[in-house]
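One letter stands for each residue in the lines below.
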Amino acid sequence: MKKRIGSYPRVRVEGGGQAVVSQAGAVLLVETVRKVGLDRAISTVLTPWRRPRAVHDPGKILLDVALAVALGGDRLADVGMLRAEPAVFGPVASDPTVSRLIDTLATAGPKALHAIRAARAEARERVWNMAKNAAPDVAGQVIVDLDGVLVLAHSEKRDATATWKKTFGHHPLMAFVDHGSGGSGEPVAGLLRPGNAGSNTAADHITTAQLSLAQLPKKYRRGRQTLIRTDSAGGTHEFVAWLSKRGRWLSYSVGMTITEAITEAIHQAVLKVPPASWTVAVEPDGEIRGGAWVAELAGDVLQGRPEGMRLIVRKERPHPGAQLRSDADGLRLTAFATNTTGIPIAALELRHRQRARAEDRIRAARATGLRNLPLHKTAQNQIWLEIVQIALDLLAWMPTLALTSETRRWEPRRLRLRLFSAAAQIVTTSRRRHLRFARHWPWTDVITNALARLEALPNPG
């Protein structure tokens, strides 16, 4: 008899199962919402939009959609996965009720957005106070990265236009708090813009920076405890001037676009730098970055440079095939502006280069509801963008509060695969409900230990 190789066992499939909860690992997010007080905060601020004799609370509806997005949903109707599990998620509104709330909040415009953002800021402060050694300010400074995101549209939607990459869609500007190499990051601002919005629009960068700062606890708005970091899209005179005016309490590290107009000035300044003034660039582990050097350009290289601004340039041997938009003696030049003093120049350059972690945050956002904007009107999609940010907040706060250093860096896709997708049996004993996760699931211990850490945290007052 021939042996079968690589075959799977055959099982009979039926649809009448009971007492089994799918996506049971999402209880980690539910407990996070409860511990940080986000449910109370959002319910309170959205009270003005609760209709008389309404069955469902607007705050709960909005959080249900955010939970669905955190679990991988990308449209309002995906809240149905929560509706199927009332024992874990409670009563969940119908699809028409959800749509009506989004329309109502969209009509309210800035008032509703301000209310939602205020609730998020309140919960964020509580998270950071509870996180202690895992808080994003553990290194003494909060770093906020600003970056644009191209979101494709596959149908006619308001403000969907041709983008600079010759695609079609929107170009929101996002801001993320960097949790460093030991964590992920959390969104603090999302400004919805048409697809043809410019990358170097100073007014949009100023607005996004203001929204970001409003999300931070007040203690980070003094003593240069906050750093705004951008790539060359933020390197406009207007934005750097705005940052410089707040230089007494705000630090910045902004990439500068070396355009044709200023290439010659920087090139001449680089040639005047004495060889002894160049410092070798370094990697995060302290090792020397081969073929790269940094130096500060003295004098008024750029006309009208704001007071306190330092211009730092890096020259580096280009990678094979790299296009040299600006170069000196065959070395690729990049530059950034900062107002930070008292730190070695190589460390400043490394700090600016670590802005690349913002690309990881954007990848996580695309995997969490920002692959497309599912609604038609701009105001509706701005509410959706706030929902996406709530989902990303939860995906950052839960690991910060409940996971260990080895698992805290897991991105949304891995959290969903290993933790949230775990099924469990629901058992009622002594009028209390218990979730029993499968003993053989490889990450059951991670789930149960994380829940124990969350339960040990103080409840909101």
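Now for a look at the structure at hand.

Cut-offs applied
- Residues numbered from 1 in each chain as written.
- Predicted model: local features only at pLDDT ≥ 70, side-chain atom pairs only at ≥ 80, totals over all residues.
- Heavy atoms only, no water.
- Axes fitted to C-alpha atoms, helices over the stretch in contact; angles between N-to-C directions.
- Helix = DSSP H or I, 4+ residues; strand = E, 2+ residues; numbered from the N terminus.
- Parallel < 35°, antiparallel > 145°, perpendicular 65-115°, else oblique.
- Contact = heavy atoms within 4.5 Å.
- Nonpolar A, V, L, I, M, F, W, Y, C, P; charged D, E, K, R; others polar.
- Phe/Tyr/Trp six-rings, centres within 6.5 Å; stacked < 30°, edge-to-face > 60°.
- Buried < 20%, exposed > 50% of the residue type's maximum accessible area, 1.4 Å probe, protein only.
- Lys NZ or Arg CZ within 6 Å of the ring centre and 35° of its normal.

**Here we look at the packing of helix 7 (residues 110–131) against helix 8 (residues 202–215)**
- At a closest axis distance of 8 Å, the pairing of helix 7 and helix 8 adopts a crossing angle of 45°. Judged by the angle between their axes, helix 7 and helix 8 are oblique. Taking contact as the criterion, the partners of R117, R120, A121 and R124 in helix 7 are, on helix 8, L211, A214 and Q215.
- Counted by class, the contact of helix 7 with helix 8 contains three nonpolar, one polar and three charged residues.

**Overview of the packing of aromatic side chains**
- The final tally for this structure, using the stated rule, is three aromatic pairs.
- On the basis of an interplanar angle of 75° and a centroid distance of 5.5 Å, the ring pair of W128 and Y220 is categorised as edge-to-face. On the criterion of sequence distance, the pair formed by W128 in helix 7 and Y220 in the loop between helix 8 and strand 8 (226–230) is long-range, its members being 92 residues apart. We note that W128, like Y220, is buried.
- Look at W441 and W443: their rings are 5.6 Å apart centre to centre, the planes differ by 70°, and that puts the pair in the edge-to-face class.
- By relative accessible area, W443 is classed as partly exposed at 22%.
- Above the face of the W293 ring, K315 is positioned so that its terminal group lies 5.8 Å from the ring centre.
- Directly above the ring of W410 sits R418, whose terminal nitrogen or CZ lies 5.0 Å from the centroid.

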